[in-house]
Amino acid sequence: MPIDDPRVFASLAESLADIEGVTETVDQIVAFAVEAIDTAYGGITLVKSGGRAYSTVGATHQSVIEADRIQYELRQGPCVDAAADSKIVVSSYLATDERWPEWGPKASALGFNSVLSAELHARGRRIGALNLYGTSEATFSPEDIALVALFARQGALALGYARSEEGLREALETRTVIGQAQGVLMERFEIDADRAFATLRRYSQHHNIKLKALCHQLVETRVLPPADAGGANDVVPTPA
């Protein structure tokens, strides 16, 4: 697909415009990239725990997941390099690439002889990398490299937005269910909102139940989950 063809990015923008959620966004970015670059193997590396860990999402084949997994285990490879500190990483001869003396031969044994990884960066932080694998040597042309760099930029913006939206939606849902659970306790025990929240928090801590899960159960069943030995009297308030 020619890099100067305006339909390339019009198509990408259109494909991402109506997608909701991180999973769907990831799948669409990878699907578009492998089709445009004409390779069957791709996926996305996501940075986790402040760069101390990585995970693969949207992989087109199990062999992509395995090649990435070996990289994460060895802390060596193009996906790790691109996600951590490089804009674009490309190799045409993995088996003999001196940058990854351990990983390269292992990737070649999986059937991959070339790779192209492009950093995903949005909202002031690294998200990860878009990774494409080739089964032949020198699979990726200079035009492919430039094209993937542009895809990565567009995809990172969409992925960053999707992650922010998903996080915001989850935060709002949590806030809503906590408010509903507070209302149940306020009505039952004739207490104010602050005391109701303190009761939920203490019960969550004392009985090792996540606050959101506790609130969902209280709203659905109108009763607190069964307590461990010792009962719940230490956290359930008496009416004012």
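Being a predicted model, the structure only gives us computed values, none of them experimental.

What to know about the pairing of strand 2 (residues 53–57)
Okay, so step 1: Of the pairings in the sheet, the one linking strand 1 (residues 41–48) to strand 2 comprises five bridges and is antiparallel in character. From the neighbouring strand, Thr 45 faces strand 2, where its bridge partner is Thr 56.

Details of the sheet that holds strand 5 (residues 125–134)
Okay, so step 1: Strands sit in the order 2-1-5-4-3 across an open sheet of five strands; the sheet is antiparallel. The open sheet has two free edges, formed respectively by strand 2 and strand 3 (88–91), since each of these has just one partner strand. Neighbour-to-neighbour, the strand axes of this sheet turn through a mean angle of 20°, independent of strand direction.
Okay, so step 2: Relative to the sheet, helix 2 (residues 22–37) contacts strand 1, strand 2 and strand 5, its axis offset from that of strand 1 by approximately 140°.
Okay, so step 3: Set on the sheet, helix 3 (residues 62–74) makes contact with strand 1, strand 2 and strand 5; between it and strand 1 the angle comes to about 35°.

Considering helix 2
Okay, so step 1: Over its 16 residues, helix 2 runs 23 Å from end to end, which matches the ideal 22 Å to within 8%, given 1.5 Å per residue.
Okay, so step 2: Listed in full, the buried residues belonging to helix 2 are Val 22, Thr 25, Val 26, Ile 29, Val 30, Phe 32, Ala 33, Val 34, Ala 36 and Ile 37.
Okay, so step 3: Just beyond helix 2, the residue with positive phi is Asp 38, at close to 65°.

Rules used throughout
Residues numbered from 1 in each chain as written. Predicted model: local features only at pLDDT ≥ 70, side-chain atom pairs only at ≥ 80, totals over all residues. Heavy atoms only, no water. Pairing = 2+ DSSP bridges. Helix = DSSP H or I, 4+ residues; strand = E, 2+ residues; numbered from the N terminus. Axes fitted to C-alpha atoms, helices over the stretch in contact; angles between N-to-C directions. Contact = heavy atoms within 4.5 Å. Expected span 1.5 Å × (residues − 1). Buried < 20%, exposed > 50% of the residue type's maximum accessible area, 1.4 Å probe, protein only.

Spatial relationships are all this shows, so hold off on functional conclusions.
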